[in-house]
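Topology and contacts: notes
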Amino acid sequence: ISGQIFSKQSSVNVHVISMHSLLQKLKWETIDLLKIDIEGYEKLLLTEDCNWLRSVNAICMELHMEQDIFNIFSFAEKWSFGSPVKLPGIWFMKK
């Protein structure tokens, strides 16, 4: 998989890997705490091919999608997390 990062002046090609592939490569069955800080790409990570979320016990993330249709509470319920808690600068949820 490849992607592109854009800034006001230029773009940079980057290689990316799916979470499913990363878990397989590392031979991890579970993730105790996943920290997400991907500067606005949360929707891409958290809305496409998300079965890997079943192996995550807790998530701590900055959320840059407040004006988007992404609903963190619906997301938490769908993937069996407890109610998200807003902390200074981050959201936290656990199973």
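This report concerns the structure included in the present document. (Residues numbered from 1 in each chain as written. Predicted model: local features only at pLDDT ≥ 70, side-chain atom pairs only at ≥ 80, totals over all residues. Heavy atoms only, no water.)

To continue, consider the overall build of the protein chain. A count of helical and extended segments in the protein chain gives three helices and six strands. Going residue by residue from the N terminus, the α and β elements of the protein chain occur as β-β-α-β-α-β-α-β-β. When burial is assessed residue by residue, the protein chain has 29% of its 95 residues classed as buried. In the protein chain, the proportion of contacts linking residues at least 24 apart, taken out of those at least 6 apart, comes to 48%. (Helix = DSSP H or I, 4+ residues; strand = E, 2+ residues; numbered from the N terminus. Buried < 20%, exposed > 50% of the residue type's maximum accessible area, 1.4 Å probe, protein only. Contact = heavy atoms within 4.5 Å.)

Another point: unusual backbone geometry. A positive phi angle, near 50°, is found at Asp 49, a position not held by glycine. Examined against the element boundaries, Asp 49 turns out to sit in the loop between α2 (42-47) and β4 (58-61).

Take the sheet that holds strand β3 (residues 34-36) next. Reading across the sheet, the four strands line up as β3-β4-β6-β5 and stay open at both edges, with mixed pairing between neighbours. Every interior strand has two partners, whereas the edge strands, β3 and β5 (85-87), have only one. The mean angle between the axes of side-by-side strands here comes to 20°, regardless of whether they run parallel or antiparallel. Relative to strand β6 (residues 90-94), β5 runs antiparallel, the two sharing three bridges. The partner of Val 85 across the bridge, within β6, is Phe 92. (Pairing = 2+ DSSP bridges. Axes fitted to C-alpha atoms, helices over the stretch in contact; angles between N-to-C directions.)

Attention now moves to a nonpolar patch on the surface. Taken together, Ile 17, Leu 22, Leu 26 and Trp 28 make up a surface patch of nonpolar side chains, about 370 Å² in accessible area. Structurally, the position occupied by Ile 17 is in the loop between β2 (11-15) and α1 (19-26). (Patch = residues over 30% accessible without salt bridge, like charges linked within 9 Å, V, L, I, M, F, W, Y side chains within 5 Å. Areas by Shrake-Rupley, 256 points an atom, 1.4 Å probe, with all protein chains shown as cover. Salt bridge = Lys/Arg side-chain N within 4 Å of Asp/Glu carboxyl O.)

This part takes up the packing of aromatic side chains. Applying the stated criterion across every chain, the model contains two aromatic pairs. Directly above the aromatic system of Phe 81 lies the positively charged group of Lys 95, at a separation of 4.9 Å from the ring centroid. (Phe/Tyr/Trp six-rings, centres within 6.5 Å; stacked < 30°, edge-to-face > 60°. Lys NZ or Arg CZ within 6 Å of the ring centre and 35° of its normal.)

With that settled, consider the nonpolar core. Proteins that are soluble and globular tend to have nonpolar side chains buried together. Grouped together as the largest cluster of nonpolar side chains are 20 residues, with contacts concentrated most on Leu 34, Trp 52, Leu 53, Val 56, Ile 59, Met 61 and Met 93. Elements with a minimum of two residues in this core: α1, β3, β4, α3 (72-78) and β6. Among the elements that take part in this core, α3 stands out by supplying three residues, more than any other. Setting aside chain neighbours within four positions, we find Ile 59 in contact with Leu 33, Leu 34, Ile 36, Leu 53, Phe 75, Phe 81, Trp 91, Phe 92 and Met 93. (Core = buried A, V, L, I, M, F, W, Y, C linked by side-chain atoms within 4.5 Å.)

Further remarks concern the environment of Lys 86. Topologically, Lys 86 is positioned in strand β5. Expressed as a C-alpha distance, the spacing of Lys 86 and Glu 62, which sit 24 residues apart in the sequence, is 9.9 Å.

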